[in-house]
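Listed below, chain by chain, are the residues.
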Amino acid sequence: MPDTKPRLPPGQRLIDHFPVLHVGQIPRSSLKDWDLRIWGEVRSPRVLSYDELRALPSVIDTSDFHCVTSWSMFDCAWEGVRFSDLCDLVSPTERAHHVTVGCDGDYTTSLTLEEALEPDVLLAWGLNGQDLTPEHGYPLRLVVPQKYAYKAAKWVRWVCFTENRELGYWESRGYHDNADPWRQERYA
Ligand SMILES: Nc1nc2c(c(=O)[nH]1)N[C@H]1C(S)=C(S)[C@@H](COP(=O)(O)O)O[C@H]1N2
Ligand SMILES: [Mo]
């Protein structure tokens with residue numbers, strides 16, 4: 001049987017240039033003062049410098065990107081570290097069931113720990129063979145291909161493991177927390 005699942009989720013249209021979309025200003029980031037803090041319900045909290053982050057085992061994962069405002073981009077080749085590998089570094093406690101990801105500029109989003117451990121969920125520093133540009137999240141962004149792109153937080157600075165769900169920026173302003181583009185979970 002051929003695979004008949006369409007590639008474009010319902011209500012989406014394909015675009016061929018990558019729009020830039022966010023609230024607020026693009027934060028200025030100097031790698032010298034940049035770090036990634038991983039904390040909360042973990043046994044070994046870590047603060048990683050950019051060089052330490054880049055020294056972790058990395059992958060390239062190509063996926064499609066779907067914004068809730070209805071544009072989609074195919075074939076984004078993201079390069080970065082799998083969330084599951086970062087998770088192994090800090091060893092979550094048995095109370096850790098959710099993760100909140102926070103950014104320069106106060107944007108946040110969240111996932112269940114189970115969703116975050118999917119192999120295509122990355123903290124990415126590169127796209128299509130180049131480092132991210134500032135408007136697309138340099139130096140580090142979250143990529144969650146199975147969710148609408150408001151989960152793809154740009155300018156990530158921390159990851160907090162939590163016992164309870166904490167709604168993110170858009171998720172607490174009417175957007176759906178589960179954000180599955182195949183089920184059109186746009187609004188809560
Ligand atoms: N920090 C931050 N990350 C963010 C946003 C934002 O407002 N702030 N917007 C999200 C939304 S709604 C989308 S569609 C994507 C857009 O990513 P792009 O600008 O790289 O196309 O970024 C996501 N990540
Ligand atoms: Mo979006």
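In this text, all values refer to a predicted model and were calculated from it rather than measured experimentally.

Peer 1: Break down unusual backbone geometry for me, citing the residues and quoting the values.
Peer 2: For the bond running from Tyr138 to Pro139, omega is 5 degrees, close enough to zero to count as cis. Relative to the assigned elements, Pro139 resides in the loop between strand E9 (130–131) and strand E10 (141–143). Here Ser70, not a glycine, exhibits a phi torsion of approximately 95 degrees, which is positive. Within the secondary structure, Ser70 sits in the loop between strand E4 (59–66) and strand E5 (71–82). Ser70 gets classed as buried once you look at its relative accessible area, which sits at 17%. One non-glycine residue, Asp75, lies in positive phi territory at about 60 degrees. Along the chain, the position of Asp75 falls in strand E5.

Peer 1: So, the environment of Trp155: which residues are in play, and what are the values?
Peer 2: Note on placement: Trp155 falls in the loop between E10 and strand E11 (156–162). Judged by relative accessible area, Trp155 falls into the buried class, the value being 7%. Once the C-alpha coordinates of Trp155 and Arg141 are considered, the two residues, 14 residues apart in sequence, prove to be 5.5 Å apart. Contacts of Trp155, omitting those with residues within four sequence positions, involve His22, Gln25, Ile26, Pro27, Gly102, Cys103, Asp104, Pro134, Glu135, Gly137, Tyr138 and Leu140.

Peer 1: Give me the sheet that holds E11: which residues, what numbers.
Peer 2: Spatially, 5 strands are ordered E3-E2-E11-E6-E7 in an open sheet, and the strand pairing comes out mixed. Each edge of the open sheet is held by one strand with a lone partner, namely strand E3 (46–49) and strand E7 (108–112). Direction aside, the axes of adjacent strands within the sheet are offset by 15 degrees on average. Relative to E11, strand E6 (residues 98–103) is paired through 6 bridges, and the arrangement is antiparallel.

Peer 1: Can you tell me about the site of ligand 1, naming the residues and giving the values?
Peer 2: Taken together, 20 residues form the shell around ligand 1, and within it Pro19, Val23, His136, Arg141 and Lys154 come nearest. The contact in question runs from an oxygen atom of ligand 1 to an N or O atom on the side chain of Arg141, over 2.7 Å. Against a free-state accessible area of 530 Å², the protein chains account for coverage of 97% of ligand 1. Along the lines of polarity and charge, the residues of the shell around ligand 1 split into 15 nonpolar, 2 polar and 3 charged.

Procedures and definitions
- Residues numbered from 1 in each chain as written.
- Chains lettered and ligands numbered in written order.
- Predicted model: local features only at pLDDT ≥ 70, side-chain atom pairs only at ≥ 80, totals over all residues.
- Heavy atoms only, no water.
- Helix = DSSP H or I, 4+ residues; strand = E, 2+ residues; numbered from the N terminus.
- Buried < 20%, exposed > 50% of the residue type's maximum accessible area, 1.4 Å probe, protein only.
- Contact = heavy atoms within 4.5 Å.
- Pairing = 2+ DSSP bridges.
- Axes fitted to C-alpha atoms, helices over the stretch in contact; angles between N-to-C directions.
- Near = heavy atom within 4 Å.
- Polar contact = N/O pair within 3.5 Å; in protein donor to acceptor, adjacent residues only side chain to side chain.
- Areas by Shrake-Rupley, 256 points an atom, 1.4 Å probe, with all protein chains shown as cover.
- Nonpolar A, V, L, I, M, F, W, Y, C, P; charged D, E, K, R; others polar.

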